[in-house]
Amino acid sequence: MNNKIVKYVITDLLRNRTIVGYTVLLLALSLGIFMMEDNADKSIASLLHVVLFVVPLVSIIFSTIYLYNSAEFIALLVSQPLKRQSIWFSIFLGLGAVMLLSFFIGVGVPTLLYASSPSGLMLIAGGLLLSLIFVSIALWTAVRIRDKSKGIGLAIILWLYFALIFDALLLFLLFQFADYPIENIMIGISMLNPIDITRILILLEIDLSAMMGYTGAIFREFFGTGGGMSLTLIVMLLWIAIPVGLSVRYFKRKDL
Amino acid sequence: MIKIEQLYKRFGKLQVLEAINLSLDGGQCIALIGPNGSGKTTLIKSVLGMVVPSAGSIYFQGKDIGREWAYRNDIGYMPQIGEYPENMTIGQVLDMMKDIRRVPENQLDTELYEKFALGQIRNKRMRTLSGGTRQKVSACLAFMFNPKVLILDEPTAGLDPLSTEILKEKILREREKNKLIIITSHILSDLDDLVSQIIYMQDGKVIFHKSLIDLKTETATDKLSKAIAAIMSNKQAVPTVISHE
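What comes next concerns the included structure.

**So, the overall build of chain B**
So, step 1. Each helix and strand in chain B was counted, giving eight helices and ten strands.
So, step 2. By the compact-globule yardstick of 18 Å for 245 residues, chain B fits well, its C-alpha radius of gyration being 18 Å.
So, step 3. In terms of overall dimensions, chain B has a C-alpha envelope of 50 × 40 × 35 Å along the principal axes.
So, step 4. Taking all contacts inside chain B whose residues are at least 6 apart in sequence as the whole, residues at least 24 apart take part in 71%.

**Some details on the overall build of chain A**
So, step 1. Of the regular secondary structure elements, chain A holds eleven helices and zero strands.
So, step 2. Beginning at the N terminus, the succession of helices and strands in chain A can be written as α-α-α-α-α-α-α-α-α-α-α.
So, step 3. For chain A, the C-alpha radius of gyration of 19 Å lies close to 18 Å, the compact-globule estimate for 256 residues.
So, step 4. If you line up chain A on its principal axes, its C-alpha atoms span 60 × 40 × 30 Å.
So, step 5. Here chain A holds 256 residues, and the buried ones make up 43% of them.

**Remarks on the nonpolar core**
So, step 1. If you look at the biggest cluster of nonpolar residues, it comprises 143 residues, and the most contacted ones within it are C140(B), I151(B) and I183(B).
So, step 2. A per-element tally of this core places helix α6 (residues 118-144) of chain A first, with 15 residues.
So, step 3. Ignoring anything within four residues of it in the chain, the contact list for I151(B) reads I44(B), V47(B), L48(B), I75(B), Y77(B) and I182(B).

**A look at the pairing of strand β8 (residues 180-184) of chain B**
All names here are of chain B.
So, step 1. Of all five residues in β8, five are buried, a share of seventy percent or more.
So, step 2. What you see with β8 is no split at all: L180, I182 and T184 on one side and I181 and I183 on the other are buried throughout.
So, step 3. As a crossover connection, the stretch from strand β7 (residues 149-153) through helix α5 (residues 161-176) into β8 is right-handed.

**Details of the pairing of strand β2 (residues 14-24) of chain B**
Residues and elements named next belong to chain B.
So, step 1. Of the strand pairs in this sheet, strand β1 (residues 2-11) and β2 are connected by seven bridges, and their pairing is antiparallel. From the neighbouring strand, I4 faces β2, where its bridge partner is L22.
So, step 2. Joining the antiparallel neighbours β1 and β2 is a turn of two residues, in which G12 adopts a positive phi near 60°.

**Focus on the interface of chain B and chain A**
So, step 1. On the chain A side, the residues contacting the 21 residues of chain B number 19 residues.
So, step 2. Take the side of chain B that touches chain A: its biggest share by element is four residues, from helix α2 (residues 90-101) of chain B.
So, step 3. Residue composition of the side of chain B that touches chain A, by class: 14 nonpolar, three polar and four charged.

**Overview of the sheet that holds β7(B)**
Note on sheets: strands pair through backbone hydrogen bonds, and any given pair is parallel or antiparallel.
All names here are of chain B.
So, step 1. Spatial ordering of the open sheet is given by β6-β7-β8-β3-β9-β10, a layout of six strands whose pairing is mixed. The sheet terminates laterally at β6 (75-78) and β10 (205-211), the two strands that pair on one side only. For this sheet the average axis-to-axis angle between neighbouring strands, irrespective of direction, equals 15°.
So, step 2. Of the pairings in the sheet, the one linking β7 to β8 comprises five bridges and is parallel in character. Bridge pairing in β8 places L152 opposite I183.
So, step 3. Strands in contact with helix α1 (residues 40-47) are β3 (29-33), β7, β8 and β9 (197-202); relative to β7, the strand with the most contacts, it is inclined by about 150°.
So, step 4. Along the sheet face, helix α4 (residues 131-144) touches β6 and β7 and points at about 175° away from the line of β6.

**A word on the sheet that holds β1(B)**
Residues and elements named next belong to chain B.
So, step 1. Spatial strand order, β2-β1-β4-β5: four strands in an open sheet with antiparallel pairing. Edge positions in the sheet fall to β2 and β5 (63-64), since each has one partner strand and no second.
So, step 2. When β1 meets strand β4 (residues 55-60), the two strands line up antiparallel, connected through five bridges. By the bridge assignment, Y8 is partnered in β4 with A55.

**A word on the packing of helix α9 (residues 194-205) of chain A against helix α11 (residues 226-252) of chain A**
Residue and element names in this part refer to chain A.
So, step 1. At a minimum axis distance of 10 Å, the contact between α9 and α11 shows a crossing angle of 150°. Comparing their axes, α11 and α9 come out roughly antiparallel. In this structure, α9 crosses over α11, and the sense of that crossing is left-handed. Where α9 abuts α11, its residues P194, I197 and L201 lie against T232, V235, M236 and W239.
So, step 2. Looking at the contact of α9 with α11 residue by residue, the classes come out as six nonpolar, one polar and no charged.

**Structural notes on the packing of helix α3 (residues 40-69) of chain A against α6(A)**
All names here are of chain A.
So, step 1. Across the interface, α3 lies against α6 with an axial gap of 8 Å and an inter-helix angle of 20°. Our classification of the angle between α3 and α6 gives roughly parallel. Classified by chirality, the crossing of α6 by α3 is right-handed.
So, step 2. Here the residues of the contact of α3 with α6 are counted per class, giving 17 nonpolar, nine polar and one charged.

**A closer look at helix α7 (residues 148-176) of chain A**
Residues and elements named next belong to chain A.
So, step 1. Here α7 is 29 residues long and its end C-alpha atoms lie 39 Å apart, about the 42 Å a rise of 1.5 Å per residue gives.
So, step 2. At Y161, α7 is deflected by roughly 50°, the largest bend along its length.
So, step 3. For α7, every residue scored as buried is listed here: G151, L154, A155, L158, W159 and F162.
So, step 4. Elements in contact with the buried residues of α7: α3, α6 and α9.

**Some details on the environment of L212(B)**
All names here are of chain B.
So, step 1. Here L212 shows up in helix α7 (residues 212-219).
So, step 2. Residue classification places L212 among the buried residues on the basis of 20 C-beta atoms within 10 Å.
So, step 3. Distance from L212 to E176, taken between C-alpha atoms, is 17 Å for residues 36 residues apart in sequence.
So, step 4. With residues near it in sequence (within four places) discarded, L212 still touches V195, S196, Q197, I198 and L224.

Scoring rules and cut-offs
Per chain, the residues get numbers from 1 upward, laid out in the order the sequence is written. All chains are assigned letters beginning at A, and all ligands numbers beginning at 1, according to the order in which they are written. Residue-level local features of this predicted model are given only where pLDDT is at least 70; pairs of side-chain atoms are given and counted only at 80 or more, and the full residue set underlies all totals for whole chains, interfaces and linings. Strands here mean DSSP runs of E at least two residues long; helices mean DSSP runs of H or I at least four residues long; both are numbered from the N terminus. All radius of gyration figures rest on C-alpha atoms, and the globule criterion is 2.2 Å times the number of residues raised to 0.38. Contact definition: two residues whose C-beta atoms, as placed from backbone geometry, lie within 7 Å. Each residue is classified by how many other C-beta atoms fall within 10 Å of its C-beta atom, where C-beta atoms are placed from the backbone; a count of 20 or more means buried, 12 or fewer means exposed, and values in between mean partly exposed. Put simply, a nonpolar core is a cluster of buried Ala, Val, Leu, Ile, Met, Phe, Trp, Tyr and Cys residues tied together by C-beta atoms within 7 Å. Place the viewer so that the strands point away; then a crossover is right-handed whenever the path from the first strand over the helix to the second strand goes clockwise. Here, any two strands with at least 2 DSSP bridges between them count as paired. Side-chain classes are defined by residue name, with Ala, Val, Leu, Ile, Met, Phe, Trp, Tyr, Cys and Pro counting as nonpolar, Asp, Glu, Lys and Arg as charged, and the others, Gly among them, as polar. Axis angles are defined between N-to-C directions and span 0 to 180 degrees, where every axis is a line fitted to C-alpha atoms and, for a helix, only to the segment in contact. Oblique is the label for any angle not under 35 degrees, not over 145, and not in the 65 to 115 range, which are roughly parallel, roughly antiparallel and roughly perpendicular in turn. Take the far helix as your reference; a near helix turned counterclockwise from it by less than a right angle gives a left-handed crossing, and one turned clockwise gives a right-handed crossing. What a helix should span is 1.5 Å times the count of its residues minus one. Fitting axes to the seven residues that end at a residue and to the seven that start at it, the angle between those axes gives the bend at that residue.

Below you can see the structure in the form of structure tokens.
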């Protein structure tokens, strides 16, 4: 890690129009929702969709594009007396910090003002974690694929997969095995998708789990306990650590 | 100062560098020339650690550079295309590099910074700069930290005649300080009064490594471009893309 690179990545990003626009968009959406809806839990349910779709989308696509646009600059850094792994990790920290900041200003602050309930806090935590996870995945795709358009394409596909396709597959599986007791397996499978984990956690907090029937009860039983919660947190942290770890390993040997 | 032993590099099926053996010493200004795609930039990038060789080793002042990074403190590199973070100003980019290099302010070489008058446009953002101005920033950065080795990839491409002269004079002065300077360029006329040795590469191999004087006497010419042309016509089949005079 190199503090100077982190600092310069952050300075560069804070002037970026997309980041400013993203923050303003999140802020407008959350303020709008909170002002129109009196019931805090209902607002959280509406905001949930913003967090589950917009945050991963912007985090992964923006980070990917930023990394490709910085390719020459990263090459220049590599030609300087710096360790490769510290360059790459610093870029992750810089990007991650800015995405966290955007989300915190855009969604975190309004939520704390209007709905600082457990569900609100869960929403903020989920959004922050999702931001980092999708930055981390972007790092991995950008380091593996040299071609910019292919890399961005893969980023979009990955987002589609986590946001939509995975759920479709899950639903298909559910209907196919409707006659079997697969609730516990469902918990395991949901761990494979950070967006699903966040959704379940927040829905449980706002007591919509009643609408999820028996599965909801199983989820409640699992995620409601301290052990289940810590396990979920570990899984989310792994979703951050594994892609970024793999990308650092690959970057050390990459030709620039 | 730099020793390269049996260096190989392949990109997929393409063999870019093949059995490169070179010994480069201080006080020399070496021109690395060859047709497009002959492996010049890959060779330079291997020395800088930007490209990881498939086989072979590179020694910098006697030490193997594999997995090392501190040796780059002694290298100033001017890339072919200098890209910097778009939203940063010239001043910020320079400050960042100073931060990274940790060279005390009084030991910095700000000659090019002054001669290119970069101070006047210090607050311009990188995205608003023309290609030539970016080159000036790159050149300024390469020389700023008084490195023992200077690696300049197409330094004069995109520079106006006046700036080219400033840069050439600077290169000559640095050469007298017993530094090793490696230049790749297709503009052979620019190299004539600068370089002392020539490395000619083709298809990833070093065809020859000679002093400029030897080369001129061998080919009985007085200009580098003519000497290279003479060599290439002897070798026949060699594409004649390098002469721009």
